[in-house]
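Take a look at the letters that make up each chain.
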Amino acid sequence: MDRLVQLQQFIGKEFDQSPSPFMKWLNPIVLSVEEGHLEFQYKVRAEWLNPIGNLHGGVTAAIVDDIIGATMFSLNENSFITTINNVIDYFSTAKENDNIVAETKIIKRGRQFVNAQCEIWNADKTRLIARGTSNLFKINN
């Protein structure tokens, strides 16, 4: 089945059928799905917090990496696409029980490399929490 269509079947629902065990643990709700563009919502949980009660930077980075991976899935490439690097800039915080929204887009899609971006916002997209960019490499099967 078309991977983009598979993702679209979860719009408005928890993505509980993800092939990624880590994404299942993050438990996002799929808000929108287009080729190369995803929008997922997450509820910040207590185990995601740093010692002062803010969303931990490592969890933020993991969300960026995981949803960009799902974005690669939406491209329906015949190659497996793996992360080379992630660069994360942090702008604001989130607290326990806050809803946050992660939104991705493809910056450049080449024959061997893909550059993608993810922005994480508060629920109403008035406050940018973090922005991450990734370079990814296509591995031929």
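The structure displayed is predicted, hence computed values, not measured ones.

> Kindly report on the overall build of the protein, identifying the contributing residues and their values.
A count of helical and extended segments in the protein gives three helices and six strands. Scanning the protein from its N terminus toward the C terminus, one meets helices and strands in the order α-α-β-β-α-β-β-β-β. Viewed in the frame of its principal axes, the protein has a C-alpha envelope of about 45 × 30 × 25 Å. Taking all 141 residues of the protein together, 42% fall into the buried category. As displayed, the protein has an accessible area near 7,400 Å², and 50% of this comes from carbon and sulfur atoms. Measuring between centres, the 14 positive side-chain charges of the protein sit 4 Å from its 16 negative side-chain charges.

> Tell me what's going on with the nonpolar core, and back it up with residues and numbers.
Phe40, Tyr42, Trp48, Ile63, Met72, Ile100 and Ile120 are the most contacted members of the largest nonpolar core, which has 34 residues in total. In terms of residues, this core owes the most to one element, helix 3 (residues 57-73), which gives seven residues. If we ignore the near neighbours within four places in the chain, the residues touching tryptophan 48 are Trp25, Leu26, Tyr42, Lys43, Asn54, Leu55, His56, Val59 and Ile63.

> Break down the sheet that holds strand 2 (residues 37-43) for me, with residues and values.
Strand order in the open sheet formed by six strands is 1-2-4-5-6-3, with antiparallel pairing between adjacent strands. Looking at the sheet topology across the chains shown, the edges are occupied by strand 1 (29-34) and strand 3 (80-90). Within the sheet, the average angular offset between the axes of one strand and its neighbour, ignoring direction, is 20 degrees. Across five bridges, the pairing between strand 1 and strand 2 is antiparallel. By the bridge assignment, glutamate 34 is partnered in strand 2 with histidine 37. Most of the contacts of helix 3 go to strand 5 (residues 113-122), to which it runs at about 130 degrees, and overall it touches strand 2, strand 3, strand 4 (99-109), strand 5 and strand 6 (128-139).

> Break down the UniProt feature "domain: Thioesterase" (unreviewed entry) in the protein for me, citing the residues and quoting the values.
The sites that UniProt annotates as "domain: Thioesterase" (unreviewed entry) are residues 53-126. With 23% helix and 43% strand, residues 53-126 has its two end C-alpha atoms placed 21 Å apart.

> An account of the pattern of salt bridges is requested, with residue identities and associated values reported.
Two side chains with opposite charge may pair up if their charged atoms get near one another. Here the structure, examined in full by the defined rule, presents seven salt bridges. In this structure, glutamate 39 engages lysine 125 in a salt bridge whose closest nitrogen and oxygen atoms are separated by 2.9 Å. With glutamate 39 in strand 2 and lysine 125 in the loop between strand 5 and strand 6, the pair connects residues that are 86 residues apart, well separated along the chain. Residue lysine 125 is classed as partly exposed on the basis of its relative accessible area of 32%.

The rules we used
Residues numbered from 1 in each chain as written. Predicted model: local features only at pLDDT ≥ 70, side-chain atom pairs only at ≥ 80, totals over all residues. Heavy atoms only, no water. Helix = DSSP H or I, 4+ residues; strand = E, 2+ residues; numbered from the N terminus. Buried < 20%, exposed > 50% of the residue type's maximum accessible area, 1.4 Å probe, protein only. Areas by Shrake-Rupley, 256 points an atom, 1.4 Å probe, with all protein chains shown as cover. Lys, Arg positive; Asp, Glu negative; His and termini not counted. Charge placed at Lys NZ, Arg CZ, Asp CG, Glu CD. Core = buried A, V, L, I, M, F, W, Y, C linked by side-chain atoms within 4.5 Å. Contact = heavy atoms within 4.5 Å. Pairing = 2+ DSSP bridges. Axes fitted to C-alpha atoms, helices over the stretch in contact; angles between N-to-C directions. UniProt positions renumbered as here; feature names shortened; annotations may be inferred. Salt bridge = Lys/Arg side-chain N within 4 Å of Asp/Glu carboxyl O.

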